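One letter stands for each residue in the lines below.
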Amino acid sequence: MDESDGDKLKRWILSLIGVFWISVVSVQAGAIGGFSGSFLRMTPDALSAGLGGVTLFDDASGYAYLHNPAAMLEATRRISAGMVRLPLDRQLYGLNLVAPLPPTAFIGIGVLGASTENITGRDSRGYYTGDLRDDNRLVAVSFANSFSADLAAGLTLNILQHQLGDARHTWN
C-alpha cells in the first residue's frame, strides 16, 4: 500500500468513527427528550418564515452568525429584529446587533426566544390545574476575526434559558 492508499484508509476509519459517535449521541439524546435549543433552527424574520427557514445559513441573514460566527464578516445586515406568530399560540422573536471592531474583527450580540402559551395543565388524575406557558431564550455573544482573505475564525458563547410554568409567572 502506498501513501495515498494509507491516507484514504485513515479518512475512511475516521469517517466511520464519526458516524458511530453521532449515532450514539443521537440515541442518548432521544432517550432524554432531545437536545436543548431546538427552537434555534428557526429564525424570526419574515423572509425566513415565508421560505420555511431556508435563509438560516444565508450570509445576508442577521441570524447566521449564531451557527457560524465567521459569517458576521459577510453579513449585510447589522441590525436584525423580528417576531413571528405561529399557529397553536406559538411565537418566535429575536433581536441581533453586529458591529465592526477595526481593523478586521466583528462582534455580535443577540437575543432569540420562543414561547408557547395556553398549554392546558393536568395533574396525574387528569384534572385541570391551570394554563401553562413554555419559554425558551438564547442570549449569544459572538466574536469573529478575518486573518486573511482566505482565513476567518469565530467564537460564540450561547446561554440558553428554559422556563415551564404558570402563565402568570413568566419573563414577559
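Rules used throughout
- Residues numbered from 1 in each chain as written.
- Predicted model: local features only at pLDDT ≥ 70, side-chain atom pairs only at ≥ 80, totals over all residues.
- Heavy atoms only, no water.
- Helix = DSSP H or I, 4+ residues; strand = E, 2+ residues; numbered from the N terminus.
- Polar contact = N/O pair within 3.5 Å; in protein donor to acceptor, adjacent residues only side chain to side chain.
- Contact = heavy atoms within 4.5 Å.
- pLDDT = per-residue confidence, 0-100.
- Salt bridge = Lys/Arg side-chain N within 4 Å of Asp/Glu carboxyl O.
- Buried < 20%, exposed > 50% of the residue type's maximum accessible area, 1.4 Å probe, protein only.
- Pairing = 2+ DSSP bridges.
- Core = buried A, V, L, I, M, F, W, Y, C linked by side-chain atoms within 4.5 Å.

## Thoughts on the side chain of Glu117
In this structure, Glu117 sits in strand 3 (residues 105–122). A distance of 2.7 Å separates a polar atom in the side chain of Glu117 from a polar atom in the side chain of Arg133. With near-sequence residues (within four places) excluded, Glu117 lies in contact with Arg85, Asp89, Gln91, Leu132 and Arg133.

## Some points on the confidence of the model for the protein
Detail in the predicted coordinates should be disregarded across regions flagged by low pLDDT. Here the protein shows a mean pLDDT of 76. Residues at 70 or above account for 72%. Within the protein, no element has a lower average pLDDT than helix 2 (residues 46–50), which sits at 68, and none a higher one than strand 4 (residues 128–146), at 87.

## Notes on the pattern of salt bridges
Overall, the coordinates contain three salt bridges when judged by the stated rule. Close ionic contact of Arg133 with Glu117 constitutes a salt bridge, the shortest N to O distance being 2.7 Å. You can see Arg133 sitting in strand 4 and its partner Glu117 sitting in strand 3, a full 16 residues away along the chain. Glu117 matches Arg133 in its accessibility class, with the two residues each being buried. Measuring nitrogen to oxygen at the nearest pair gives 3.5 Å for the salt bridge that ties Arg125 to Asp123. Connected through shared salt-bridge partners, Glu117, Arg133 and Asp135 make up one network.

## A look at the pairing of strand 2 (residues 90–101)
Relative to strand 2, strand 1 (residues 79–86) runs antiparallel, the two being bridged by eight bridges. If you follow Met83 over to strand 2, its bridge partner there is Tyr93. Where strand 1 folds back onto strand 2 in an antiparallel hairpin, the turn is made up of three residues, including Leu88, whose phi is positive at roughly 65 degrees. Counted along the chain from strand 2 to the antiparallel partner strand 3, the turn is three residues long.

## Looking at the nonpolar core
Counting 14 residues, the largest nonpolar core has Phe39, Leu66, Met72, Leu112 and Leu138 as its most contacted members. Those residues in contact with Leu66 that lie beyond four places of it in its chain are Leu112, Leu138, Ala140, Thr156 and Asn158.

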